[in-house]
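# Residue-level structural notes
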Amino acid sequence: MTRPIIIDTDPGIDDALAIMLAAASPEVDLLGLVAVAGNVGLDRTAPNAAALADLLRLDVPVGRGSALPLWRTPTHASQVHGENGFGGYELPASTRVLEPGVPLLARLIEQSAEPVTVVAIGPLTNIAQLMNEHPATARKIERIVLMGGGTLDVLGNATPTAEFNIWWDPDAAVRVFGFGVPLTMVGLNATHQALVGPQHLPRLLASGGPVAKMVEHLLSGYQDSHHEQGAGMAQHDSLALAAVLDPAVITTRHLYVDVENTGRRTTGMTVVDYLGRWGEPNCDVAFEVDVERFRALLDSRLSVLDASLKEDR
Amino acid sequence: MTVKMILDCDTGVDDTMAIMYAALHPDIDLLAVGSVWGNVDVPTATRNTIHTLELVGRGEVPVAQGAAGPLLRKDTYFAYFVHGDDGQGNAYDGAPVGPAADTTAAQQIIDLVHANPGEVWLVPVGPLTNIATALALDPELPGLVAGVSIMGGNALAPGNATPVAEANIAHDAEAAAAVFRAPWPIIMAGLDVTMKVVITPERRAVLDAGGKAAQYLSRIMQFYGDYIGQSFGGWTATMHDTIAVAAAAGTLTINTAPVVHVEIDCSDGPSHGATVCDLRGLYAGFPPQEGAHCRVLLDIDESIADDVLALIAAHRGPGEES
Amino acid sequence: MQKIILDCDPGHDDAIAMLLAAGSPAIELLGITTVAGNQTIEKVTRNALAVCAVAGIRVPVARGAAVPLVTPQMVAEDIHGDSGLDGPVLPAPAFDLDPRHGAQFIVDTVMAHDAGTVSLVPVGPFTNIALAMRLEPRIVERVKSVVVMGGSYMRGNVTPGAEFNIYVDPEAAEAVFRADWDVTMVGLDLTHQALADAGLQQRVRDLGGPISEFALAVWDFVGSTYKRQYEFDHPPVHDACSVAALIDPAVFTTARADVRVELRGEWTRGTTVVNFANAPGMHHSNGTALEQTDFRTNIAMRLDHARFSDLVVDAIARLTAALT
């Protein structure tokens, strides 16, 4: 029984791995990719999404969503993802025609026989716009699994209190967290445990095909692993995907989460009611990660995918 | 029946006029003056205050130095470009002055108010730092004063420090918030009225024809009027601070002054320092607002200018001829 | 000896901090100033005098600010009870208050001693400190160091993001962190490691005497409220951690950071936004983080619980011996 999913993404180094993981997993039926600005501008993330779809031979629509946050002025994280979003790795440009992103989201949700899980691994602008423009359709979403936010030991990376996706469009995040669709929040406190370096993906790298080559480059190109040199790179987005594939990869607590968007220095902070006393729970918040299980999942799935892509050449 | 008053000034050209008026008016009992940072730094304000009092023969009025900067923030904003580097239009006569009182402006307020319960008007005409400090030291103060008459804020008029905020409030919004929130009777003499009472060259001539103190006031107003005149059509001086004094003294004819809720915007956004006055009753003759205690002056009789200038012009020091 | 003024709102853990400050041979306690916080100023001041009476402490006690500088007041009776120090028996005061306002006492004391010798230890809301700074700006350059109990870089207790002392008077807190003096922030991240666990409580019990009894009654009461409110098995001894730092700097590790207090956020008013100079794996280089590069504040990180316990036990032992 496959679970239909749509990935809303700003590729992005760790987005690329997440999309690969989805492509490699029979438990999910990937209905489409929708690009949003974020890690880099939409003029990069949209073609990157299309190029990835080509690389992975995904016969699904790719949408071009929001270039800007709902109303704030954007900045991007190119110092982390490189100017092209893939740390300099070049994929052949896609010739796909990209559809407008939010209508594509709406169409895919409406047309699916089974309720769709939206895996949001970039800023939440597209999702919020869907909620604003097509609220009845948005209510049909079974669950939104988002990579974003943080709590307790790791509150933020963009600023001391805010994780990048939420920080980039905090008003969209307020909308999404307050809308009422079931949520799973895979935040920095979880993803910072999910460290993956080349040493954790032996089967994939041994396979040596197109996925292996790209992943090897991406893992060496990511600039966020300061003290984690040697320990690996935090796989934010693919942890969110992995949670969809294998819930045992993370443990969660059902808590109330809101997003601060009026603070001078705390805008973008996910306010997680970690004591369970300030509001009605609305979100499954990830806490612990079974890191070995996650690494094994990544290595086995991606190596199989890599092998299949090599053979088809 | 005299009105007891403690001024709090950042002297300042218009403060000088206000001090002279309060010191000379027969119906005002000026108990003391406190100095505060604002137009100029506090030592300069202290010196100018003492000098002004001595100039009008009231050197015995104690002057206590107050806050050097805002209540909580670090940044000070001075206005030497309006009042001159000496706070006296670059025309300070260099006269040596007597010493300041051996207390702080805030403590002076507390001591005098307790000694004269129910009788004293506080008249702050600079940033409200000293008043907020006094409140913090003595939370019983609101029940002991006659009232607080503030030169500051703006209800319907534009701002001056920023498009929507007046300088005294904007430069120490947290102090203003504490003062406006405390449960005492407040008169807000803001830009709505103070920008409408102007000293034209004709009015200034009254000072030139008066005694030495009046002539000094006219001299120090040159630089000030040049600056203010940029908002009008030529040399013009406003007399902001004296309006607050006159309002407390009861010598001002007030036409429209509803008692309304006033909140201070402390946010750091574009309306930082705005006095947010609830004037929604404007179209219905201002029905009463429960719990409101701020009387916001919206329209006054501008003949107060003539009264003030005549009083100051009439003063003669010992040995001066009429 | 380190000269300190303890500014507090007793308060259960404030009481332990008072015992540590008065009992430690490394501390010269110049005075105690009270601030409204855990309870009203009347109650916390009465409690401060009561603790002095229990422990034979004889230093000036000056009553300080009754309300925060700008914000309306709140108290913490869910943790500290109606009196602010529910639990132990509180004797009547043994001496009168210093006639001065607490903020004035701070100013006078700092100005009277040599520059660079007096440290301030605020373990309640920072209202008195901000007021003292405004009354006499020169104290900022004269104070040796400021070791606060307040804030956190991970969590809040009164809201999800804000710790109580900062939350009660965030404007005062921001003024204290921004001023040009040496500040150490001992927040919940550290104090939640300073639990009055069974081992520490047994050592105190073994001392015997009225002060031991008092401390155990304090921990008994606040242990039950902390269990109910926060599901802690043992109560944290927050405030004494700040005093301990001045006795033995090795009692906890520190890291440099730029700390600003959020004054505006709907959820985050009172949050200490802590930008570490060397945040592992972090690029805090977006938005307002770019303004937070003045890494002047020391953040308390990891506690040496054994060292801390030794200091508390030793102080109570000395005070007990001095009573007889």
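Everything numeric here is computed off the predicted structure, so don't read it as measured data.

### What about the overall build of chain B?
- Across its full length, chain B carries 12 helices and 14 strands.
- Radius of gyration (C-alpha) of chain B: 18 Å, near the 20 Å computed for a compact globule of 322 residues.
- Counting only C-alpha atoms, chain B reaches 55 × 45 × 40 Å along its principal axes.
- Buried residues in chain B amount to 56% of all 322 residues.
- Sequence separation of 24 or more characterises 83% of the internal contacts of chain B that already satisfy a separation of 6 or more.

### Brief notes about the overall build of chain C
- Counting its regular elements, chain C contains 13 helices and 9 strands.
- By the compact-globule yardstick of 20 Å for 324 residues, chain C fits well, its C-alpha radius of gyration being 18 Å.
- Taking the principal axes of its C-alpha atoms as reference, chain C extends roughly 60 × 45 × 35 Å.
- Within chain C, the fraction of its 324 residues that count as buried is 62%.

### Observations regarding the packing of helix α10 (residues 198-207) of chain C against helix α11 (residues 210-230) of chain C
Residues and elements named next belong to chain C.
- Two numbers describe how α10 lies on α11: the axes approach to 8 Å, and their chain directions differ by 150°. With respect to α11, the axis of α10 lies roughly antiparallel. You can see that α10 and α11 cross each other, and the crossing is left-handed. Contacts from Gln 201, Val 204, Arg 205 and Leu 207 in α10 reach Ser 212, Ala 215, Leu 216 and Trp 219 in α11.
- Here the contact of α10 with α11 is composed, by residue class, of 5 nonpolar, 2 polar and 1 charged.

### A look at the pairing of strand β1 (residues 3-9) of chain B
Residue and element names in this part refer to chain B.
- Among the 7 residues in β1, 6 count as buried, and that is most of the element.
- Taken together, the 7 bridges between β1 and strand β2 (residues 28-35) define a ladder with parallel strand orientation. Across the sheet, Cys 9 pairs through a bridge with Ser 35, a residue of β2.
- In this fold, the crossover linking β1 to β2 by way of helix α1 (residues 13-24) has right-handed handedness.
- Where β1 meets strand β4 (residues 120-124), 5 bridges bridge the pair, whose relative direction is parallel. Residue pairing for β4: Ile 6 is matched across the bridge by Leu 122.

### Some remarks on the interface of chain C and chain A
- At the interface, 27 residues of chain C touch 31 residues of chain A.
- Ranked by residues supplied to the side of chain C that touches chain A, first place goes to strand β8 (residues 272-276) of chain C with 3 residues.
- Of the residues belonging to the side of chain C that touches chain A, the class tally is 10 nonpolar, 12 polar and 5 charged.

### A look at the sheet that holds strand β2 (residues 28-35) of chain A
Residues and elements named next belong to chain A.
- Read from one edge to the other, the open sheet built from 9 strands follows the order β4-β3-β2-β1-β5-β6-β7-β13-β10, with strand pairing classed as mixed. Two strands lie at the open edges of the sheet, namely β4 (99-100) and β10 (250-255), each paired on one side alone.
- In this structure, strand β1 (residues 3-9) lies alongside strand β5 (residues 117-120), joined through 4 bridges in parallel fashion. Bridge pairing in β5 places Ile 7 opposite Val 119.

### So, α11(C)
All names here are of chain C.
- Taking 1.5 Å per residue, 21 residues should reach 30 Å; α11 reaches 29 Å between its end C-alpha atoms and fits that length.
- Taken residue by residue, α11 has Ile 211, Ser 212, Phe 214, Ala 215, Val 218, Trp 219, Val 222, Gly 223, Thr 225 and Tyr 226 as its buried positions.
- For α11, the elements touching its buried residues are α1 (12-23), α2 (41-55), α3 (77-80), α10 and α13 (305-323).
- Positive phi appears at Glu 231, one or two residues downstream of α11, with a value of about 60°.

### Here's the deal with helix α8 (residues 170-179) of chain A
All names here are of chain A.
- The element α8 is extensively covered by neighbouring structure, given that 7 of its 10 residues are classed as buried.
- Listed as buried for α8 are Pro 170, Ala 172, Ala 173, Val 174, Arg 175, Val 176 and Phe 177.
- In the segment just after α8, Gly 180 is the residue with positive phi, at about 115°.

### Some words on the sheet that holds strand β10 (residues 259-260) of chain B
All names here are of chain B.
- The strand order across the open sheet built from 8 strands is β3-β2-β1-β4-β5-β6-β13-β10, with neighbouring strands paired in mixed fashion. A strand with exactly one partner marks an edge of an open sheet, and here the two such strands are β3 (63-65) and β10.
- In the sheet, β4 pairs with strand β5 (residues 147-151) via 2 bridges, with the strands oriented parallel. Paired with Trp 121 across the two strands is Gly 147, which belongs to β5.
- Contacting β1 and β2, α1 runs over the sheet at an angle of about 160° to β1.
- Together, β1, β2, β3 and β4 form the strand contacts of helix α4 (residues 105-115), whose direction differs from that of β2 by roughly 150°.

### Points about the interface of chain B and chain C
- Contact residues are listed per partner, giving 15 residues for chain B and 17 residues for chain C.
- Counting only elements with at least two residues in the side of chain B that touches chain C, the list comes to α5 (129-137) and α7 (173-181) of chain B.
- Looking at side-chain class alone, the side of chain B that touches chain C contains 9 nonpolar, 4 polar and 2 charged residues.

### Focus on the nonpolar core
- Met5(B), Leu19(C) and Cys241(C) are the most contacted members of the largest nonpolar core, which totals 227 residues.
- Beyond its immediate stretch of four places on either side in the chain, Cys241(C) contacts Met149(C), Val186(C), Leu190(C), Thr191(C), Ala194(C), Ala300(C), Leu303(C) and Phe308(C).
- Within the second largest apolar cluster, 111 residues are counted, among which are Ala138(A), Met185(A), Ala194(A) and Val257(A).

### Details of the confidence of the model for chain C
- Of all residues in chain C, 99% attain a pLDDT of 70 or more, and the chain-wide mean is 95.
- Of the two predicted TM-score estimates for the complex, the pTM is 0.90 and the ipTM is 0.88.

### Some details on the environment of Val261(C)
Residue and element names in this part refer to chain C.
- By the secondary structure assignment, Val 261 is in strand β7 (residues 252-261).
- Residue classification places Val 261 among the buried residues on the basis of 28 C-beta atoms within 10 Å.
- With residues up to four places along the chain from it excluded, the contact list for Val 261 reads Ile 166, Pro 170, Ala 173, Glu 174, Phe 177, Gly 270 and Thr 272.

### With respect to unusual backbone geometry
- In this model, Pro11(A) is joined to Gly12(A) through a cis peptide bond whose omega is -25°.
- If you trace the backbone, Gly12(A) turns up in the loop between β1 and α1 (13-23).
- Looking along the chain, the bond that leaves Thr11(B) and enters Gly12(B) is cis, with omega of -20°.
- Tracing the chain through its elements places Gly12(B) in the loop between β1 and α1.
- One non-glycine residue with positive phi stands out, namely Phe286(B), at about 55°.
- Turning to its location among the elements, Phe286(B) is positioned in the loop between β12 (275-277) and β13 (294-296).

Reading the values: rules and limits
Residues numbered from 1 in each chain as written. Chains lettered and ligands numbered in written order. Predicted model: local features only at pLDDT ≥ 70, side-chain atom pairs only at ≥ 80, totals over all residues. Helix = DSSP H or I, 4+ residues; strand = E, 2+ residues; numbered from the N terminus. Rg over C-alpha atoms; globule rule 2.2 N^0.38 Å. Buried ≥ 20, exposed ≤ 12 C-beta atoms within 10 Å, placed from the backbone. Contact = placed C-beta atoms within 7 Å. Axes fitted to C-alpha atoms, helices over the stretch in contact; angles between N-to-C directions. Parallel < 35°, antiparallel > 145°, perpendicular 65-115°, else oblique. Left-handed = near helix turned anticlockwise from the far one by under 90°. Nonpolar A, V, L, I, M, F, W, Y, C, P; charged D, E, K, R; others polar. Pairing = 2+ DSSP bridges. Right-handed = clockwise from strand over helix to strand, strands pointing away. Expected span 1.5 Å × (residues − 1). Core = buried A, V, L, I, M, F, W, Y, C linked by C-beta atoms within 7 Å. pLDDT = per-residue confidence, 0-100.

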